[in-house]
Amino acid sequence: MTQLPTTSADPASAFGCIVYVRRDASGQTRARAANLDNIEVIAPSEPAALGKIVAAVKQHIQSCQSAGKPIDWIDPPPPLGDGEQRRFLPLHL
């Protein structure tokens with residue numbers, strides 16, 4: 001997989017995460033990491049969902065790093081689903 005560009009001089013501490021967000025039928029916000037598999041959260045608002053997904057993505061990255069495993073980036077990410085909007089989140093560990 002391709003290493004995504006970093007945003008700092010230390011490539012092991014800054015990452016870019018693509019997040020797809022949408023409102024579901026109950027009014028909740030669903031956010032999923034588009035460039036990492038199986039990371040999805042539900043929250044009452046988009047800011048709350050983005051906060052939860054940042055925490056989940058950071059935990060996943062730190063887990064990969066401490067296990068000595070490569071981060072399993074999906075490149076390119078899948079297309080947007082129905083009603084989804086794309087967000088880009090720079091993350092610093």
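See above for the structure.
Bear in mind the structure is a predicted one, so any value in this text is a computation, not a measurement.

Draft legend 1. Inspection of the side chain of Asp24 at higher detail. You can see Asp24 is positioned in the loop between β1 (14-23) and β2 (29-33). By relative accessible area, Asp24 is classed as buried at 15%. Within polar-contact distance, the side chain of Asp24 engages the side chain of Arg30 at 3.2 Å.

Draft legend 2. Expanded view of the sheet that holds strand β4 (residues 85-92). Read across the sheet, four strands follow the order β3-β2-β1-β4 without closing on themselves; strand pairing throughout is antiparallel. Strand pairing shows two members of the sheet lacking a second neighbour, β3 (40-43) and β4, which therefore form its edges. In this sheet, adjacent strand axes meet at a mean angle of 30° when their direction is disregarded. The sheet strands contacting helix α1 (residues 46-66) are β1, β2, β3 and β4, and the helix crosses β3 at an angle near 155°.

Thresholds, definitions, all that
Counting from 1, residues in each chain are numbered in the order their sequence is written. Side-chain atom pairs in this predicted model are given and counted only at pLDDT of 80 or more, local residue features only at pLDDT of at least 70, and totals for whole chains, interfaces and linings cover all residues. The side-chain figures draw on all heavy atoms in the structure; neither hydrogens nor water molecules are used. The numbering of helices and of strands both runs from the N terminus, where a helix is a DSSP run of H or I of at least 4 residues and a strand a run of E of at least 2. Remark: exposure states derive from per-residue accessible area (1.4 Å probe, protein chains only) relative to the maximum for the residue type, with buried under 20%, exposed over 50%, and partly exposed in between. Each polar contact in these results corresponds to two N or O atoms within 3.5 Å; when the atoms are within protein, one needs to be able to donate a hydrogen and the other to accept it, and residues that are neighboring in sequence are counted only if both atoms are side-chain atoms. Between any two strands, pairing holds if DSSP finds at least two bridges. Simply put, an axis is a line fit to the C-alpha atoms, just over the touching stretch for a helix, and the angle between two N-to-C directions goes from 0 to 180 degrees. Any two residues whose heavy atoms approach within 4.5 Å at even a single point are treated as in contact.

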